[in-house]
Amino acid sequence: MTSVHRLLDQAFADIPLTPEAADLKEELRTGLVERVAELQASGVPEEQAALSAVAELGDIHALLDDDGGAPAPAPAAARDTRSTPRQAWSADRDLVALNKVRPRPGFVGGVVLASLVAAGAVVTYTLVALDGSTALLPVLAVVLGLAVGWILASALAQETTTNHPLPRERAAAWGLAGALVATGAGLGLIAVPTWDDRFAVAWIVGGGLLVVVGAVLFTWLGVTQTNRKKAWTRHLSSATASIDNFSKDPAVAARFGIYTATIWVSAFLVSLVLGFAVGWRYAWLPYVAAWIVMMVMLARMGFGRKDADGAS
Amino acid sequence: MTQELADDAFAADLLRGHTDTIVLGALRGGDRYGFEIYKAIRDATGGRHEIKEATLYATYRRLVKDGLVEAYWGDESQGGRRKYYRLTDAGRAVYRTNVAAWVATRDVINTLLDTPHHDAVTSQKGRNR
């Protein structure tokens, strides 16, 4: 088995050992060792097996020379984008036009309908809750959850100009997570108008449980998500590099993280104080304020200033 | 003899044009490492038409670059470590599109070349899947 390693070293002798070349060399080594074992099992002597395994591999230089091999239709245009910013912008627009995907009429109609159902559920929910009644609220929460889940799942299963569709089961899982969180929030909020009632805690616990299960599902889906971007989008983003300040400057990203944590911890403390001092009815307000502050901060820190010359 | 040679040349050519799709298809059942994919393709064709290993490794690199597959190193301890490939959602979508295009093309060619009817039946099954 040593001979195959020697032959591999020889094949890579005149190739500068860049990280990429080292990576390829290690990958090829596994294949060669297995191929030699295969050949030896069929009765070929070791030395001969190593020689034919390396010979079968073909030219390694060709593997490293080509920058990705035969290009897809888009890259030719994408490569041009490096020249000047103005040309890059028009090439981007051409690519967007070239790769435009029209939404399916059924999808658009369905999402509009589901949005109306969701909005209707929220409005009815608010009116019923203000009325002090809890009769219909659980049903409305479930309706809202189903509508949200449906919008999420069908949007993700849909091909867009820049993204491939998610596989059906995965899109359905995203939809389920959205439905759980929306339903859970709706059930938990039932506690607000019925605060003095002894079922209030049950609503909060039940709703909270659904939210937690949904959040866990969201996290799992996010962590295991693979690439959905189309090749031309990836070429574009590698050609134009990053536009947000976070990927350019890690210190800004770190500062943003610290600010975010501070904002939410403050929001939590303020909501506790409000709850005890004024009433639990208003305890959710600080979270809304925190969310707005965080979004403004994200816009300013992530994309501010630097693009002054690019924007027009 | 020359007829047979021509057949082989044509088939290999045709196969080479679909290397990307074939590799994507080989990854549908689960993650595999480079030589495993090579073996799967070789064994599936009964060893008659193998895609050259160098061609395959070039294909893996291109697919990774386009985001259709993701590569990661396995944690084997004995022997060499293996570089595994995982199909992404983009890869799955491209695979589906390519298969649909192939089925449509094959139907047209079958019609034009007047090849036996059972091909059309199997293609119908393929479309329903």
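All of these numbers come straight from a predicted model, not from anything done at the bench.

## Considerations on the sheet that holds strand S3 (residues 83–87) of chain B
All names here are of chain B.
Okay, step 1: Strand order in the open sheet made by the 3 strands is S1-S3-S2, with antiparallel pairing throughout. Each having just a single partner strand, strand S1 (32–33) and strand S2 (69–73) make up the two edges of the open sheet.
Okay, step 2: In the sheet, S2 pairs with S3 via 5 bridges, with the strands oriented antiparallel. The residue bridging Glu 70 from the neighbouring strand is Arg 86, located in S3.

## A look at the side chain of Arg 29 of chain A
Residues and elements named next belong to chain A.
Okay, step 1: Take Arg 29: it is sitting in helix H2 (residues 19–41).
Okay, step 2: The exposure class assigned to Arg 29 is buried, which follows from its relative accessible area of 17%.
Okay, step 3: Within the structure, Arg 29 has its side chain in polar contact with the side chain of Glu 26 (distance 3.2 Å).

## A word on the pattern of salt bridges
Okay, step 1: Using the criterion set out here, one finds 16 salt bridges over all chains in the structure.
Okay, step 2: Between Glu 26 of chain A and Arg 29 of chain A there is a salt bridge, and its shortest N-O distance comes to 3.2 Å. Note that Glu 26 of chain A and Arg 29 of chain A are positioned in helix H2 at a spacing of 3 residues, about one turn of the helix.
Okay, step 3: Through salt bridges with shared partners, one network takes in Arg 35, Glu 38 and Glu 56 of chain A together with Arg 42 and Asp 43 of chain B.

## Digging into the confidence of the model for chain B
All names here are of chain B.
Okay, step 1: Chain-level statistics for chain B give a pLDDT mean of 81 and a share of 75% at 70 or above.
Okay, step 2: Confidence drops under a pLDDT of 50 for residues 1–6, and excluding neighbours within four residues, the segment shows 0 contacts in the predicted structure.
Okay, step 3: The ipTM, which scores confidence in the relative placement of chains, is 0.74 for this predicted complex, and the corresponding pTM is 0.66.

## Considerations on the UniProt feature "transmembrane region" (unreviewed entry) in chain A
Residues and elements named next belong to chain A.
Okay, step 1: Here the UniProt-annotated "transmembrane region" (unreviewed entry) positions come out as residues 107–128, 134–153, 174–195, 201–223, 256–278 and 284–303.
Okay, step 2: Annotation note: span residues 107–128, helix share 100%, strand share 0%, distance between end C-alpha atoms 31 Å.
Okay, step 3: Annotated as 95% helix and 0% strand, the span residues 284–303 places its first and last C-alpha atoms 29 Å apart.

## Remarks on the confidence of the model for chain A
All names here are of chain A.
Okay, step 1: Mean pLDDT for chain A: 82, with 85% of residues reaching 70 or above.
Okay, step 2: The least confident element of chain A is helix H5 (residues 75–80), whose mean pLDDT is 42; the most confident is helix H8 (residues 137–156), at 95.
Okay, step 3: Confidence drops under a pLDDT of 50 for residues 307–312, and excluding neighbours within four residues, the segment shows 0 contacts in the predicted structure.

## Remarks on the packing of aromatic side chains
Okay, step 1: On inspection of all chains with the given rule, the structure shows 7 aromatic pairs over all chains.
Okay, step 2: When the ring of Trp 174 of chain A is compared with that of Phe 218 of chain A, the centres are 5.7 Å apart and the planes differ by 50 degrees; the resulting orientation is tilted. With Trp 174 of chain A in helix H9 (residues 168–189) and Phe 218 of chain A in helix H10 (residues 200–223), this pair connects stretches of sequence that are 44 residues apart.
Okay, step 3: Classification of Trp 174 of chain A by relative accessible area gives buried; the value is 17%.
Okay, step 4: Classification of Phe 218 of chain A by relative accessible area gives partly exposed; the value is 26%.
Okay, step 5: Ring centres 5.3 Å apart and planes at 80 degrees place the aromatic pair Tyr 57 of chain B and Tyr 60 of chain B in the edge-to-face group. Here Tyr 57 of chain B and its partner Tyr 60 of chain B are both found in helix H4 (residues 53–65), 3 residues apart, which amounts to about one turn of the helix. Note on accessibility: Tyr 57 of chain B and Tyr 60 of chain B belong to one class, buried.
Okay, step 6: One aromatic cluster is present, built from ring pairs that chain together Tyr 33, Tyr 72 and Tyr 84 of chain B.
Okay, step 7: The lysine or arginine in question, Arg 170 of chain A, covers the ring of Trp 220 of chain A, its NZ or CZ lying 5.9 Å from the ring centre.

Rules of the game
- Residues numbered from 1 in each chain as written.
- Chains lettered and ligands numbered in written order.
- Predicted model: local features only at pLDDT ≥ 70, side-chain atom pairs only at ≥ 80, totals over all residues.
- Heavy atoms only, no water.
- Pairing = 2+ DSSP bridges.
- Helix = DSSP H or I, 4+ residues; strand = E, 2+ residues; numbered from the N terminus.
- Buried < 20%, exposed > 50% of the residue type's maximum accessible area, 1.4 Å probe, protein only.
- Polar contact = N/O pair within 3.5 Å; in protein donor to acceptor, adjacent residues only side chain to side chain.
- Salt bridge = Lys/Arg side-chain N within 4 Å of Asp/Glu carboxyl O.
- pLDDT = per-residue confidence, 0-100.
- Contact = heavy atoms within 4.5 Å.
- UniProt positions renumbered as here; feature names shortened; annotations may be inferred.
- Phe/Tyr/Trp six-rings, centres within 6.5 Å; stacked < 30°, edge-to-face > 60°.
- Lys NZ or Arg CZ within 6 Å of the ring centre and 35° of its normal.

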